[in-house]
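Commentary on secondary and tertiary structure
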Amino acid sequence: MRGTTRTVAMLAGITSVALLAAACGGGDSSDDTSSSAAGKTGGAVTVRGCNPQNPLVPGNTNETCGGNVLDAISAKLVHYNPETAAPENDIADKIETPDNQNFTVTLKKGYKFQDGTEVKAKNFVDAWNWVAAGENAALGSYFFDPIEGYAETQCTGTGDDPCAGAGKAKTNKLSGLAVKDDYTFTIKTKEKVSNLPVRLGYTAFAPVPDSFFNDPKAFGEKPIGAGPYKFDSWTKNTEIKISKFADYSGKFGGKLDNITFKIYQDDDAAYNDVIANQLDVIDTIPSSALIDDKYKTDLPDRNLSKAVGVIQAINFPPAKTDPNYSDVKLRQAISMAIDRPTIVKQIFNGTREPATGWVSPVVDGYKANACGESCVFDPAKAKAKLDEAGGFKGGKMTISYNADASHKAWVEATCNSIKTSLGVDCVATPVVDFATFRSQITERKMKGMFRAGWQMDYPSIENFLAPLYGTGAGSNDSDYSSAQFDQLLKEAAAAKDGAAANAKYQEAEGVLASDMASIPMWYSTAQFGWSNKVTNVKVTAFGTIDFSALALK
Amino acid sequence: MYKYILRRLLQMIPVLLGSTFIIFAMVFALPGDPTAGMCGERPCAPAFVAKFRLEHNLDDPLPTQYAKYMVNVAQGDLGTNFRGIKVADELKTRYPTTAKLAGMAIIFETIIGVFAGVLAGIRKGRFVDNLVLVSTLFVIAIPIFVIGATLQYYLGVRWKIFPVTVSPEATFYELLLPAFVLGSGSIAYVARLTRTNLVENLRADYVRTAVAKGLTRRRAIGLHTLRNSLIPVVTFIGADFGGLLGGAIVTERIFNIQGVGGYTFSSLHNHDGVAVVGTVTVLVLVFLLANLLVDLLYGVLDPRITHD
């Protein structure tokens, strides 16, 4: 998952990596998702940036500030279509598999890194091995977990340094990767993974040139990719400049010659610069301008709102930590007691879309109303379900949230809605900051319900199910476990084609509904604004600027 | 005099040591694990956490962490922050910007504040006096972010007289508006302090004597009364400079100035002890030096005060 620093609260804005869709605004999804004219070729623009939290190494960047820059300068095997989020081959000529477990990747010839060397199969295999290996402690390591031999590359020690002494990993090479020739390599996965090609467009899968391995630290200061733009300079805390890469041979090149990411501490400052035409594109609108759609009058015909792959939910505590929420009927009662449309309208100015399931509508495989009547506000039915469940035995309910982003208002509104409908006291409980909030959750000390947000890594229905609800999965904070759900995921991963896989995944989502694994709240939208100099502003399903379309008027 | 300065400088050493330790201990005592929020809704890989903790000495007990830090500081190394950037490099780019901003704010508050205070003081009870009284009350009553955002909107966005935000170069012209906003609250205080003291001193015996022996009003006020009245004002401005350096967070955010305030805030938020201690230690040093300067200025303004 990729965190985003996009938060709205004035001072919380400059927080840690974090929260997921912490409080991005929303908007009217009926708006146009692009402006009309295609614009001219060449020229320079300045877009809003934020401070990368880590050195700019593709496998070691897990937040949008660094990710946006890396995505512009690197090419991957596949590229996500900005409109539909569907994967299209980029460096890959073809990715073939007879069984969803043994993949053969053939590269297109002629792709060049910005240091002049050609992109070859070994650049992928070496890069992936480096990111996966425990000794390098890269943040994107877990993306390689499905590949055979991943466990052997991880350090096993405990204590201060798991990689010291006997804990050292057996190897730093993934046994599932093999170079066949300069333009072919094979991937073998531990189990069947039908959507592997979809995943390969994520930043962590970008190839790196040989020069990376001589000095990863220097690379992190001035990264090299094979993408349409090359990295020019990075003035810390101030700006990052990239420019058109002349030798780019792919088909996703941009029109602009120069792009500057200007780093802002505060969304309001960036917003004011856009109104005054001193900044060209802003990928988040501050909450002050969302009220009554103020941004639409401030930036007439210079704004858009688009659904992005982010879902917000309320999680139940693991039964071991707090057994009071285990009853499915009680869970359904709570979900039915929440008046999502009213909260969206009053708290978010209509910039969210009430959720009807666990999967974002932007991905392939989305099915509406997976949650059914459990996600429809109905106080009478909710009360009846609560009575069936025998009432709530924990005294009062709590919903915890991190207080360093603007969650207070909606959590309180949600609690009020539950209180009014069910007659059970509900308290919105702040936790000082995101780090503390996450500590309590990972250590399984968080009692009561808590908020959760998920931004997709790659556009697949699977990304909204397996990492969150699979038994023992990395982000399964509620310790949800269902043999049936796990089995369906397995079957989906082995499915022959995309449609068959999606059908199985949708079935798995149905299991979540019957168990009420968590309470889906709403899907997010991203709001963009731009100056009077640029045109053809498009937003990807990830909520980022589509640099292949952006142009000067 | 020089003995006095030397003594004061030596006194700074224990103060600095003590304050760094207190700040270090306070950041150390903050709840929450700095690595917990780094990987979003997913716990970070153990290998990453281990490497991170090792690199930043997070597993050592407080005294060891502090000792390691101080040994490095003694060798001129302020450490690296959690993002792998040298704290010294950050401070080198951020302090000049903030100092420029705070310095300009001080100039604004001194010139405008003293001028308004003198006007009000010598025309006590008249229209100018009431105007200064009411307008300063007005400024003091409005929070700085309202003043900042309003002026930015009208002067920057609407009328385009000033740039909306400050560029990395932070030129003099770009900083004019932010510096005025930052100094606005202090202008009001300086004006009021000057006025009150001037009015009081105008009634003093020595002023009556000066006027009686035939000094012009301009000379009596400008040379004798004003000089004596400025002592509390100088004290205020001295303390204010340190306050403006560290307290410019709001102004820096509104105008996107990459200064010290925002850095301290975000470092604190990330539990980035090394960064906070480095920044605040420099702030403490500036405070101490500013106070020393103020004490020395007393002697210049009022010859009766000596430091021998």
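Everything numeric in this text was worked out from a predicted model, so none of it was measured. (Residues numbered from 1 in each chain as written. Chains lettered and ligands numbered in written order. Predicted model: local features only at pLDDT ≥ 70, side-chain atom pairs only at ≥ 80, totals over all residues.)

What about the overall build of chain B?
- A count of helical and extended segments in chain B gives 12 helices and 0 strands.
- Mapped from its N terminus to its C terminus, chain B presents α and β elements in the order α-α-α-α-α-α-α-α-α-α-α-α.
- Taking the principal axes of its C-alpha atoms as reference, chain B extends roughly 85 × 55 × 30 Å.
- Across the 308 residues of chain B, 40% fall into the buried class.
- The contacts of chain B with a sequence gap of at least 6 include a subset with a gap of at least 24, amounting to 74%. (Helix = DSSP H or I, 4+ residues; strand = E, 2+ residues; numbered from the N terminus. Buried ≥ 20, exposed ≤ 12 C-beta atoms within 10 Å, placed from the backbone. Contact = placed C-beta atoms within 7 Å.)

Some thoughts on the overall build of chain A
- When helices and strands are counted, chain A shows 16 helices and 19 strands.
- Taken against the 2.2 N^0.38 rule, which gives 24 Å for 553 residues, the C-alpha radius of gyration of chain A at 23 Å falls within 12% of a compact globule.
- Counting only C-alpha atoms and orienting by the principal axes, one finds that chain A spans roughly 70 × 60 × 45 Å.
- A buried classification covers 59% of the 553 residues belonging to chain A.
- In chain A, 71% of the contacts between residues at least 6 apart in sequence involve partners at least 24 apart. (Rg over C-alpha atoms; globule rule 2.2 N^0.38 Å.)

Structural notes on helix α1 (residues 64-73) of chain A
Residues and elements named next belong to chain A.
- Most of α1 is tucked away: 10 of the 10 residues are buried.
- Where α1 is concerned, the buried positions are Thr-64, Cys-65, Gly-66, Gly-67, Asn-68, Val-69, Leu-70, Asp-71, Ala-72 and Ile-73.
- Its buried side turned inward, α1 meets β1 (44-49), β8 (229-235), β9 (239-244) and β10 (258-263).

Some thoughts on the domain arrangement of chain B
Residues and elements named next belong to chain B.
- Per the domain assignment, the segments making up chain B are domain 1 (2-74) and domain 2 (87-301).
- For domain 1 versus domain 2, the distance between C-alpha centres works out to 32 Å.
- With 14 residues of domain 1 at the contact, the number on the domain 2 side is 12 residues.
- The element that contributes the greatest number of residues to the side of domain 1 that touches domain 2 is helix α1 (residues 2-29), accounting for 10 residues.
- Tallied by class, residues from the side of domain 1 that touches domain 2 come to 10 nonpolar, 3 polar and 1 charged. (Domains from an automatic or database assignment. Nonpolar A, V, L, I, M, F, W, Y, C, P; charged D, E, K, R; others polar.)

Looking at the environment of B:Gly259
All names here are of chain B.
- Take Gly-259: it is sitting in the loop between α10 (249-254) and α11 (260-269).
- Using a count of 31 C-beta atoms within 10 Å as the deciding quantity, one classes Gly-259 as buried.
- Discounting chain neighbours no more than four positions away, the residues touching Gly-259 are Arg-94, Thr-97, Thr-98, Leu-101, Ala-248 and Glu-252.

With respect to the interface of chain A and chain B
- Taken together, the contacts link 51 residues of chain A with 44 residues of chain B.
- Secondary structure elements with two or more residues in the side of chain A that touches chain B: α6 (267-275), α13 (434-442) and β16 (449-455) of chain A.
- For the side of chain A that touches chain B, the element with the highest residue contribution is α13(A), accounting for 6 residues.
- Looking at the side of chain A that touches chain B residue by residue, the classes come out as 22 nonpolar, 20 polar and 9 charged.

Quick word on the confidence of the model for chain B
Residues and elements named next belong to chain B.
- In this model, chain B carries an average pLDDT of 86, and 98% of its residues clear a pLDDT of 70 or more.
- Of all secondary-structure elements in chain B, the lowest mean pLDDT belongs to helix α2 (residues 46-55), at 80, while helix α7 (residues 172-202) reaches the highest, 92.
- Scoring of the predicted complex yields 0.85 for pTM and 0.80 for ipTM. (pLDDT = per-residue confidence, 0-100.)

Brief notes about the sheet that holds strand β6 (residues 177-181) of chain A
Residues and elements named next belong to chain A.
- Strand order across the open sheet formed by 4 strands is β4-β5-β7-β6, with antiparallel pairing between neighbours. The open sheet has two edge strands with one neighbour each: β4 (92-96) and β6. Each adjacent strand pair in this sheet contributes to an overall mean axis angle of 20 degrees, direction not counted.
- Here β4 runs beside strand β5 (residues 102-107); their pairing, made up of 4 bridges, is antiparallel. Within β5, the residue paired with Ala-92 across the bridge is Leu-107.
- Running over the sheet, helix α2 (residues 121-132) touches β5, β6 and β7 (184-188) and is turned about 170 degrees from β6. (Pairing = 2+ DSSP bridges. Axes fitted to C-alpha atoms, helices over the stretch in contact; angles between N-to-C directions.)

Some remarks on α2(B)
- Those residues of α2(B) that fall on the buried side of the exposure criterion are B:Ala47, B:Phe48, B:Val49, B:Ala50 and B:Lys51.
- Positive backbone phi, approximately 55 degrees, marks B:Asn57, located one or two places after α2(B).

Let's talk about the packing of helix α4 (residues 87-122) of chain B against helix α5 (residues 127-141) of chain B
Residues and elements named next belong to chain B.
- Running from N to C, α4 and α5 cross one another at 135 degrees; their axes reach a closest spacing of 7 Å. With respect to α5, the axis of α4 lies oblique. Relative to α5, α4 is oriented so that their crossing is left-handed. Counted together, Ala-116, Leu-119 and Ala-120 of α4 and Val-128, Asp-129 and Val-132 of α5 form the full contact between these two elements. (Parallel < 35°, antiparallel > 145°, perpendicular 65-115°, else oblique. Left-handed = near helix turned anticlockwise from the far one by under 90°.)

Side note on unusual backbone geometry
Residues and elements named next belong to chain A.
- The backbone of Asp-292 shows a phi angle near 55 degrees, a positive value even though the residue is not glycine.
- You can call Asp-292 exposed: it has 9 C-beta atoms within 10 Å.
- Even without being a glycine, Arg-444 presents a positive backbone phi close to 60 degrees.
- Residue position: Arg-444 is located in the loop between α13 and β16.

Let's talk about the nonpolar core
- By size, the foremost hydrophobic cluster in this structure holds 236 residues, and its most contacted members are A:Trp128, A:Val281, A:Phe464, A:Leu465 and A:Leu550.
- The element that contributes the greatest number of residues to this core is α7(B), accounting for 12 residues.
- Taken together, domain 1 (2-74) and domain 2 (87-301) of chain B each give at least three residues to this core, which thus spans both.
- In this view, A:Phe464 contacts A:Ile311, A:Trp358, A:Val359, A:Ser360, A:Trp454 and A:Met456; residues no more than four positions away in its chain are not counted. (Core = buried A, V, L, I, M, F, W, Y, C linked by C-beta atoms within 7 Å.)

Some remarks on the packing of α5(B) against α7(B)
All names here are of chain B.
- The contact between α5 and α7 brings their axes to 8 Å, and the two run at 145 degrees. Classified by chirality, the crossing of α7 by α5 is left-handed. Listed contacts from α7 to Val-132, Thr-136, Val-139 and Ile-140 of α5 are Ser-184, Gly-185, Ile-187, Ala-188, Ala-191, Arg-192 and Arg-195.
- For the contact of α5 with α7, the residue count by class is 6 nonpolar, 3 polar and 2 charged.

Considering the pairing of strand β17 (residues 518-530) of chain A
Residues and elements named next belong to chain A.
- Of all 13 residues that make up β17, 13 are buried, and the element is covered over most of its length.
- Bridge count for strand β11 (residues 281-282) against β17 is 2 bridges, and the pairing is antiparallel. For Ile-282, the partnering residue across the bridge sits in β17 and is Gly-529.
- Sheet topology places strand β13 (residues 352-354) next to β17; 3 bridges connect them, and they run antiparallel. Each bridged residue has a counterpart across the sheet, and for Glu-353 the counterpart in β17 is Tyr-523.

Considerations on the environment of A:Lys294
Residues and elements named next belong to chain A.
- Among the structural elements, Lys-294 can be located in helix α8 (residues 294-298).
- We classify Lys-294 as partly exposed; it has 15 C-beta atoms within 10 Å.
- Taking the C-alpha atoms as reference points, Lys-294 and Leu-468, separated by 174 residues in sequence, lie 36 Å from one another.

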